[in-house]
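# Examination of the molecular architecture
Residues per chain are reported as follows:
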Amino acid sequence: MGEELLEIPYFNWGWSFVISAASTRKELAYLFALFAVTPAMSTLAVRQPDGFFDPFRHEHYSDPGVEAAYSKSFLEVHRAALKRAIPDFYLKGQSEYFQTLGRGLDKALQGEVSPKMALTRVAQQWQLITSRVGRERQIQRWARLRAKYPAEAHRLLREIA
């Protein structure tokens, strides 16, 4: 247990539509976002040779224009990888968690502390972050995120839990 290597793709880039709280046309912005990701409109964007989006809808993988922009072999590999991919770490405080981990790893790599001590400190700081952003809400967010992980990741996560 704990020795098995899990090889899964990680796609952490994507487009997000954001509507400013100060917008006087929130509903229009929301409707535009819905329109932009429809099969017809998103396929037009994905077809562009310089790319606005990578394929993300099942319609994109069978579209001749998308195939011309990306190639059939790329689309086959991309689609297979997406089926096994884990989602980005979308939790409140995401960047703070990652910065804390980065600092801890850096201290261990520089020899300032042992790897075990570095990770112990990271875990303690993560507990503080979690408490500050709201533990119960964070547990709910993590459960929703974790539910999107592929089956193999679920199996390994159950083994270490």
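Coordinates for the structure precede this section.
Residues numbered from 1 in each chain as written. Predicted model: local features only at pLDDT ≥ 70, side-chain atom pairs only at ≥ 80, totals over all residues. Heavy atoms only, no water.

### Some words on the environment of Thr38
Mapped onto the elements, Thr38 comes out in the loop between helix H1 (26-36) and helix H2 (39-47). Residue classification places Thr38 among the partly exposed residues on the basis of a relative accessible area of 26%. Spatially, the C-alpha atoms of Thr38 and Arg57 are 9.1 Å apart, while their sequence positions differ by 19 residues. Excluding residues within four positions of it along the chain, Thr38 makes contact with Thr43 and Arg57. Side-chain polar atoms of Thr38 contact the backbone nitrogen of Met41, separated by 3.3 Å. (Helix = DSSP H or I, 4+ residues; strand = E, 2+ residues; numbered from the N terminus. Buried < 20%, exposed > 50% of the residue type's maximum accessible area, 1.4 Å probe, protein only. Contact = heavy atoms within 4.5 Å. Polar contact = N/O pair within 3.5 Å; in protein donor to acceptor, adjacent residues only side chain to side chain.)

### A look at a positive patch on the surface
Together, Lys92, Arg137, Arg144 and Lys148 line one region of the surface with positive charge. Counting through the fold element by element, Lys92 comes out in the loop between helix H4 (72-84) and helix H5 (94-109). (Patch = residues over 30% accessible without salt bridge, like charges linked within 9 Å, V, L, I, M, F, W, Y side chains within 5 Å. Areas by Shrake-Rupley, 256 points an atom, 1.4 Å probe, with all protein chains shown as cover. Salt bridge = Lys/Arg side-chain N within 4 Å of Asp/Glu carboxyl O. Lys, Arg positive; Asp, Glu negative; His and termini not counted. Charge placed at Lys NZ, Arg CZ, Asp CG, Glu CD.)

### Some thoughts on the nonpolar core
If you look at the biggest cluster of nonpolar residues, it comprises nine residues: Ile86, Phe89, Leu91, Tyr97, Ile129, Val133, Leu145, Tyr149 and Ala153. In this view, Leu91 contacts Gln138, Arg141, Trp142 and Leu145; residues no more than four positions away in its chain are not counted. If you look at the next biggest cluster of nonpolar residues, it comprises seven residues, including Ala45, Phe53, Tyr70 and Leu75. (Core = buried A, V, L, I, M, F, W, Y, C linked by side-chain atoms within 4.5 Å.)

### A look at the packing of aromatic side chains
Scanning all chains against the criterion turns up seven aromatic pairs. Taking the centre distance of 5.9 Å and the plane angle of 80° together, the rings of Phe89 and Tyr97 count as edge-to-face. Comparing Phe89 with Tyr97, the two get one shared label, buried. Where Phe89 meets Phe98, the ring centres are 5.5 Å apart and the plane angle is 40°; that geometry is what we call tilted. Residue Phe89 is classed as buried on the basis of its relative accessible area of 19%. By relative accessible area, Phe98 is classed as partly exposed at 40%. Of the aromatic side chains, those joined through ring pairs into one cluster are Phe89, Tyr97, Phe98, Trp126, Trp142 and Tyr149. (Phe/Tyr/Trp six-rings, centres within 6.5 Å; stacked < 30°, edge-to-face > 60°.)

So, to be careful, I would describe these as geometric facts and stop short of saying anything about function.
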